[in-house]
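Structural features, examined
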Amino acid sequence: MDRNKMEAAIEGILFTFGEAVDPGRIAKALEVETKEVVEVIKDMQSRLKEQERGIQITELDGSYQMCTPPELYEYLIRIAKQPRKQVLTDVLLETLSIIAYKQPITKSEIEKIRGVSCDHAVSKLVEYSLVTELGRLDAPGRPMLFGTTEEFLRSFGVSSIDELPTPAPDMVEEFKQQAEQEIKLDVGGE
């Protein structure tokens, strides 16, 4: 195996594993001697250091790992502190739409509509500031009421809940039929 190809393979292995890898394992995978792998890694370490690259190969108890040089940690910390982009999964979107159209609403009412637990989804929506606690329902157990926030309105480009699109009449009829079938299944299955 030529030297460039070996370096590329070692780099790929260390990058992909993300943890310390024994040079013997690398040698086996590349079908070369362990001492040859160690030599190549030592050369790679020197070049990465000389070039002041954003990665380095660190030796940990005889194994090798690709990582970031300590002098770059401050940049990693800064970027880690930046807010992450929110990802709304289908479950979150479904839960959010129920809250938007039925607010104020309790978790148990959301769960009745969805048919499954919604604790995680509601917590994530609160974390993303799309949903907030509006108070408590005046009923036994005083369950929390949830509704949408100004951030929800901004994110979805509406100035009021009244601007949310309404389902087409034929879709409303289809939803009703589906709900009636589910009720029949629930009653028949008990």
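Everything in this summary refers to the structure shown in the same document. Keep in mind that this is a model prediction, so the values were computed, not measured.

**Observations regarding the packing of helix α2 (residues 23–30) against helix α3 (residues 34–50)**
Axis separation between α2 and α3 bottoms out at 8 Å; the angle between their running directions is 110 degrees. If you check the angle between α2 and α3, you find them roughly perpendicular. Residues P23, G24, I26 and A27 of α2 form the contact with α3, whose own contacting residues are T34, V37, V38 and I41. Taken together, the residues of the contact of α2 with α3 break down into six nonpolar, two polar and no charged.

**Quick notes on the pairing of strand β2 (residues 63–67)**
Extensive coverage of β2 is indicated by the burial of four of its five residues. Here strand β1 (residues 56–60) pairs with β2 via five bridges, running antiparallel. Paired with Q56 across the bridge in β2 is C67.

**Regarding α2**
Along α2, the residues that are buried comprise P23, I26, A27 and L30. All buried residues of α2 fall inside an arc of 100 degrees around its axis, so they share one side. In α2, the exposed residues that point more than 90 degrees away from the buried face are R25, K28 and A29. Residues of α2 that are buried make contact with α1 (3–17), α3 and β2. One or two residues past the end of α2 sits E31, with phi positive at roughly 60 degrees.

**Brief notes about a nonpolar patch on the surface**
A contiguous nonpolar surface patch, about 280 Å² in accessible area, is contributed by Y73, L76 and I77. Mapping I77 onto the fold places it in helix α4 (residues 73–81). Taking relative accessible area as the criterion, I77 reaches 47% and is therefore assigned partly exposed.

**With respect to the packing of aromatic side chains**
Within the structure shown, the criterion is met by one aromatic pair. Pairing F152 with F156 gives two aromatic rings, centres 5.0 Å apart and planes at 40 degrees, and the pair type is tilted. Placement of the pair is F152 and F156 together in helix α8 (residues 150–156), with a separation of four residues, close to one helical turn. Looking at F152, the relative accessible area reads 3%, which means it is buried.

**Focus: the side chain of T95**
The topology assignment puts T95 in helix α5 (residues 90–102). Judged by relative accessible area, T95 falls into the buried class, the value being 0%. A polar contact of 2.9 Å, which involves the side chain of T95, links it to the backbone oxygen of V91. T95 has contacts with I110, R114, A121, V122 and L125, leaving out every residue within four places of it along the chain.

Calculation notes
Residues numbered from 1 in each chain as written. Predicted model: local features only at pLDDT ≥ 70, side-chain atom pairs only at ≥ 80, totals over all residues. Heavy atoms only, no water. Axes fitted to C-alpha atoms, helices over the stretch in contact; angles between N-to-C directions. Helix = DSSP H or I, 4+ residues; strand = E, 2+ residues; numbered from the N terminus. Parallel < 35°, antiparallel > 145°, perpendicular 65-115°, else oblique. Contact = heavy atoms within 4.5 Å. Nonpolar A, V, L, I, M, F, W, Y, C, P; charged D, E, K, R; others polar. Buried < 20%, exposed > 50% of the residue type's maximum accessible area, 1.4 Å probe, protein only. Pairing = 2+ DSSP bridges. Arc of directions from axis to C-beta. Patch = residues over 30% accessible without salt bridge, like charges linked within 9 Å, V, L, I, M, F, W, Y side chains within 5 Å. Areas by Shrake-Rupley, 256 points an atom, 1.4 Å probe, with all protein chains shown as cover. Salt bridge = Lys/Arg side-chain N within 4 Å of Asp/Glu carboxyl O. Phe/Tyr/Trp six-rings, centres within 6.5 Å; stacked < 30°, edge-to-face > 60°. Polar contact = N/O pair within 3.5 Å; in protein donor to acceptor, adjacent residues only side chain to side chain.

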